[in-house]
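# Working through the structure, step by step
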Amino acid sequence: MSLDQEAVKRIATLARLKLNEDRIGPMQQDLNRILQFIDQLNEVDTSQVEALAGVNMSFMPFRKDVVNEGGDVEKILANAPEVACNMFVVPKVVE
Amino acid sequence: MNELIRLTLVKVKEGLRQKKFSSVELTKAYLASMERHKCMNTYILETPELALERAKESDQRLAKGEERPLEGLPLAIKDNFCTTGIQTTAGTHILKGFKPPYESTVTQKLKEGGAVFLGKANMDDAAMGSTTTTSYYGSTINPWKRADGKDLTPGGSSGGSAAAVAGGLAVAAIGSDTGGSIRQPAAFSGIVGVKPTYGRCSRWGIVAFASSLDQAGPLTRDLRDAALMLEVMAGHDPKDSTSALLEVPSFEKALIQGVKGLRVGIPKEYRIEGMDEETLKIWEKGAEWLKEAGAEIVEISLPHTKYSLATYYVLAPAEASSNLARYDGVRYGLRIPGKTLDELYENTRSEGFGAEVQRRILIGTYVLSAGYYDAYYLKAQKVRRLITQDFEVAFQKVDVILTPTTPTAAFALDEKPTDPVVMYLNDVLTVPANLAGLPGISIPAGLSKEGLPLGFQLIGPAFDENVLFRAGRVLEEAAAFKSFLER
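Summary of the structure given here. (Residues numbered from 1 in each chain as written. Chains lettered and ligands numbered in written order. Predicted model: local features only at pLDDT ≥ 70, side-chain atom pairs only at ≥ 80, totals over all residues. Heavy atoms only, no water.)

### Remarks on the interface of chain B and chain A
For clarity, the cut-off: Residues are treated as being in contact if the distance between any of their heavy atoms lies within 4.5 Å. Buried area: the sum, over both parts, of the accessible surface (1.4 Å probe) that disappears when the two are put together. For this document, the term salt bridge refers to a Lys or Arg side-chain nitrogen within 4 Å of an Asp or Glu carboxyl oxygen. Pairs of N or O atoms are called polar contacts if they sit within 3.5 Å, as long as, within protein, a hydrogen donor faces a hydrogen acceptor (for residues adjacent in sequence, only side-chain-to-side-chain pairs). For helices the rule is a DSSP run of H or I covering at least 4 residues; for strands it is a run of E covering at least 2, with both sets numbered from the N terminus onward.
With 65 residues of chain B in contact, the opposing surface of chain A contributes 51 residues. Contact between chain B and chain A buries roughly 5300 Å² in total, counting both sides, with carbon and sulfur atoms accounting for 67%. The residue B:Asp342 makes a salt bridge to A:Arg16 at a minimum N-O spacing of 3.0 Å. Inspection of the region where chain B meets chain A yields 22 residue pairs in polar contact (both at pLDDT 80 or more). Every element with two or more residues in the side of chain B that touches chain A is listed here: α10 (308-323), α11 (341-352), α12 (355-368), α13 (373-397), α14 (420-424) and α15 (431-436) of chain B. Element by element, the count of residues in the side of chain B that touches chain A is highest for α13(B), at 11 residues.

### Some thoughts on the environment of B:Lys109
All names here are of chain B. On the secondary structure map, Lys109 appears in helix α4 (residues 105-112). Sequence separation between Lys109 and Gly451 is 342 residues; the distance between their C-alpha atoms is 37 Å. In this structure Lys109 touches Val232, Met233, Ala234 and Gly235, once residues within four positions along its chain are discounted. A polar contact of 3.2 Å, which involves the side chain of Lys109, links it to the backbone oxygen of Ala234.

### So, empty space enclosed by the protein
Residues and elements named next belong to chain B. This is how it is decided: The method works on a 1 Å grid over the protein atoms by themselves. A cavity is a set of points holding a 1.4 Å probe that cannot get out, a pocket is an open set with protein on both sides within 12 Å along at least five of seven lines, and residues with an atom within 4 Å of a point line them. Grid points are joined across faces, edges and corners, and a volume is the space filled by probe spheres set on the points. Each residue is assigned to one class: nonpolar for Ala, Val, Leu, Ile, Met, Phe, Trp, Tyr, Cys and Pro, charged for Asp, Glu, Lys and Arg, and polar for all the others, Gly among them.
If you walk through the whole model with that rule in mind, you get 3 cavities of 30 Å³ or more. When its volume is computed, the largest cavity comes out at roughly 70 Å³. Taken together, the residues of the lining of the largest cavity sort by class into 5 nonpolar, 6 polar and 2 charged. Reported here for the second largest cavity is a volume of approximately 50 Å³. Looking at the second largest cavity, the residues that line it are Lys13, Leu16, Arg17, Leu62, Glu67, Arg68, Pro69 and Glu71.

### Notes on the packing of α4(B) against helix α7 (residues 223-233) of chain B
All names here are of chain B. Operational definition: Inter-axis angles, ranging from 0 to 180 degrees, are taken between N-to-C directions of lines fitted to C-alpha atoms, where helices are fitted over the stretch in contact. Roughly parallel means an angle under 35 degrees; roughly antiparallel means over 145; roughly perpendicular covers 65 to 115; every other angle is labelled oblique.
Taken N-terminus to C-terminus, the directions of α4 and α7 make an angle of 110 degrees; their axes are 8 Å apart at the nearest point. Classified by the angle their axes make, α4 and α7 are roughly perpendicular. Packed against α4, whose contacting residues are Val106, Lys109 and Leu110, the element α7 presents Met229, Val232 and Met233 at the interface. For the contact of α4 with α7, the class distribution of residues is 5 nonpolar, no polar and 1 charged.

### A short note on a nonpolar patch on the surface
Residue and element names in this part refer to chain A. Defined as follows: By definition, no residue in a patch forms a salt bridge, and every one has over 30% relative accessible area; like charges are joined within 9 Å, nonpolar side chains (Val, Leu, Ile, Met, Phe, Trp, Tyr) within 5 Å. Here the open area of atoms and residues is found with the Shrake-Rupley method and a 1.4 Å probe, where only the protein chains shown may cover a residue. In this scheme, a residue with accessible area under 20% of its type's maximum is buried, one over 50% is exposed, and one in between is partly exposed, where area comes from a 1.4 Å probe on protein chains only.
Residues Val90, Val93 and Val94 make up a contiguous nonpolar surface patch of roughly 260 Å² in combined accessible area. For Val93, the position within the fold is in the segment after β2 (87-88). For Val93, a relative accessible area of 57% translates into the label exposed.

Take a look at the structure:
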C-alpha cells in the first residue's frame, strides 16, 4: 500500500503535526519506504493466530479504590508555559 | 588520568569500605573527567553540586559503617528517567525545561541504595534512534576511535549512558531498552548492558516510548557490576501494574554457577545478510568457549525472526504515537503559540519533535487509523505472538540463546544511513527479545578488524536473568576483553 500526498496531509492532521509544503514530498517518500518494508508481514499466515498486546502478564492486579495522593495543584502547574488562577491557559476555544 | 575512574563499581565499593578514598574524592575525580571530556557530549545536564552533596552524605554513612548497596557510587542517569526537580528532557525539544514533580521508581531505588547522580545522560530524541544523533542536544561521541580517527557513534538510544561508562565519566549508568537501546550501545562501547525481562523493573516515571516494550536496565563495566545494579533496580512496584510480583533473586550468586550441562541455542536465522565476517567468527568462538566450559551447543530455529523488525516498526510507532499525544504545549515543556488551540498543538509538536520522531508518530497514527488498524496493527500483534511462540518452543530445547548483539561494529557519525529502513536494520538482532518480553544482555566479545568492540548477546527465558549471568560470566572470562579505560 502506498500513500499519496493527500493521505500524508490527513495523517499529519490526525497526529497534530504541521507539515510545510516542502516537507510533504520527502515525508511521503520516507513513509512509503517504511510501509513497503512493513508489507512483508503479509507473507505470514495469521488466520489462526490471536493478537498479542503484551507479554509476561499473567493477571491484571487491582488496587483499592481509595485516594492516595492529590491536592498538588502547585506542583502540577509548576511546569506549565502559561497559568492563570490555578488553571492552564490556552487560546480561546469557544466563540 | 585519575586512576579512580578506571575502577569497576565493585572495586570502588571495596575501596570506599576500606577507606582507601572517599566518595567525595571519587565524585570529584568523575566531575573532573566530565569537565575534561565535555566534547564527547555525554550529558545533557550535569549536577555537580547535588552530586557532591550526596557524596558527602555517603561518606558520613560510610564512616559510621551504615553503608547501603550502592553507597557513594557516582552514576549517570539516562535523561528519560524523571528526577524530582531536575530537568528531564528525554533528549527531545518538546520537554524543554521540564522539571518533574516526582521521581521514577528506578532512580528512587538507586537513591535509596546510596548512589550519587552525576547528571542526566544524552540519548536519542524521545529514545527513538540507534545512534544518539537524533538528540535535540547534539550527538554523543564514542570514546573508541577507528584508525581513520573519525568520530564514531556510541550507539543508541542510551548512547550517553554507554559513552559515560566506557569513557570514565560515570562508574555505571542506567538506560532503557525498547528495541535494543541498552544492548546495542553497550556493544558499540565495549561494556555490559542488560535489558531485564519485561516486568522486572518498574517503568513508573520513565518517559514512555512504547509501553509494552520499554524496560530499564544497567550499563556497566563488567557483569558483576551489572548484577549488583540490577538487584537494586528490580522489583515490584504498585505504581506499575506490569511490574512482576516476584522476588528479585541474587544475580551475583549466579555469576559463579558456571555452565556445566547448560544447553546453549544458536539460532540459524540470526545469520543475517550483511553481517560482518568477523562478527560471525566471534560468534562461533563464543559458542566454543561455552562448550569448553561444559555447555552443550544446540542449533535451533526461530522461524519468524525475519519478521521481527517489521512487527516492531508497526507496534513501537503505534504505541509511541499514542504515548506522545500528551505533548501538547499546554501543561509542560515547549509551547509555540497559535491563534487556535489546534494551531498551538500543531506548532508546538512540529517544532518540538525531531524528524525521526515525527516519522514514527505519523506511521503510528496511520497504522492505528480507521480502515488500516486490522491490516497493520492487529496483523503485527498476531505476528508478535508467533515470534513469542518461537522462543517458547526454543526454550523447551535450550536454556539460553547466544547471538551477536549487532551485525557490525560502531560506524562513524557521518556514515549514518539516510534511508530510515537501513537505519532500522541496526536493531535486527535485539528487537525480538523486546517483542517476546525476554531478558537480554550484551557482553564485550572482542575487537573488529578496525579495532572496535563487538558484543555477544545472550537471551534467556522470562524472569531467568540468572542464566544470562551464568553464561555471561563464562564468556566474559574467556574473552578477557580490555575496556577502553584499560588500554
